[in-house]
Amino acid sequence: MKAIITVVGKDKTGIVAGVSAKIAELGLNIDDISQTVLDEFFTMMAVVSAEEKKDFVFLRNEFESFGEALNVKINIQSAVIFDAMHNL
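Residues numbered from 1 in each chain as written. Predicted model: local features only at pLDDT ≥ 70, side-chain atom pairs only at ≥ 80, totals over all residues. Heavy atoms only, no water.

(A) Up close: the overall build of the chain. Across its full length, the chain carries three helices and four strands. In the chain, the succession of α and β elements from N to C terminus is β-α-β-β-α-β-α. The C-alpha atoms of the chain give a radius of gyration of 13 Å, which matches the 12 Å a tight globule of 88 residues would have. With respect to the three principal axes, the spread of C-alpha positions in the chain is 35 × 30 × 20 Å. Residues classed as buried in the chain amount to 35% of the 88 residues present. Of the contacts made within the chain by residues no fewer than 6 positions apart, 67% connect residues no fewer than 24 positions apart. For the chain, the accessible surface area stands at approximately 5,500 Å², while carbon and sulfur atoms represent 55% of it. Seen as two clouds, the 8 positive and the 13 negative side-chain charges of the chain have centres 3 Å apart. (Helix = DSSP H or I, 4+ residues; strand = E, 2+ residues; numbered from the N terminus. Rg over C-alpha atoms; globule rule 2.2 N^0.38 Å. Buried < 20%, exposed > 50% of the residue type's maximum accessible area, 1.4 Å probe, protein only. Contact = heavy atoms within 4.5 Å. Areas by Shrake-Rupley, 256 points an atom, 1.4 Å probe, with all protein chains shown as cover. Lys, Arg positive; Asp, Glu negative; His and termini not counted. Charge placed at Lys NZ, Arg CZ, Asp CG, Glu CD.)

Following this line, the structure appears as structure tokens:
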């Protein structure tokens, strides 16, 4: 299973650490990660994977709740769907 995680919000200390910890807690591995700060806004994109299939509804809910606690927007989508959307 491969997925794309995006994180957007106002920059502050601890976003990468918090999101990385949540990714590990949910049994996902970070395969690739990129982050930047544009003006005062933090953006991050990560490719994650797991050996077994994961429930995307559960993952989405977990990341949305966690994002609210960090005051950022976190989204996850299947890499298969991401690829299909961008290959039309």
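Alright, that's what it looks like, and here's the rest.
(B) Structural detail: the sheet that holds strand β1 (residues 2-10). In spatial order, the strands read β2-β3-β1-β4; together these four strands make up an open sheet with antiparallel pairing. Each of the sheet's edge strands pairs with one partner strand only, and the pair in question is β2 (29-38) and β4 (72-78). The sheet shows a mean angle of 15 degrees between the axes of neighbouring strands, direction not considered. The sheet contact formed by β1 and β4 spans seven bridges and is antiparallel. Paired with Val-8 across the two strands is Lys-73, which belongs to β4. Sitting on the sheet, helix α2 (residues 56-70) touches β1 and β4, and the angle it makes with β4 is about 165 degrees. (Pairing = 2+ DSSP bridges. Axes fitted to C-alpha atoms, helices over the stretch in contact; angles between N-to-C directions.)

(C) Quick peek at the side chain of Ser-49. Take Ser-49: it is sitting in strand β3 (residues 41-49). Overall, Ser-49 belongs to the buried group, its relative accessible area being 17%. Among the polar contacts made by the side chain of Ser-49, one reaches the side chain of Asp-31 at a distance of 2.8 Å. Apart from residues no more than four positions distant in its own chain, Ser-49 is found in contact with Met-1, Lys-2, Gly-27, Leu-28, Asn-29 and Asp-31. (Polar contact = N/O pair within 3.5 Å; in protein donor to acceptor, adjacent residues only side chain to side chain.)

(D) Expanded view of the environment of Asn-75. Assignment of secondary structure puts Asn-75 in strand β4. Beyond its immediate sequence surroundings of up to four residues, Asn-75 is in contact with Ile-4, Ile-5, Thr-6 and Arg-60.

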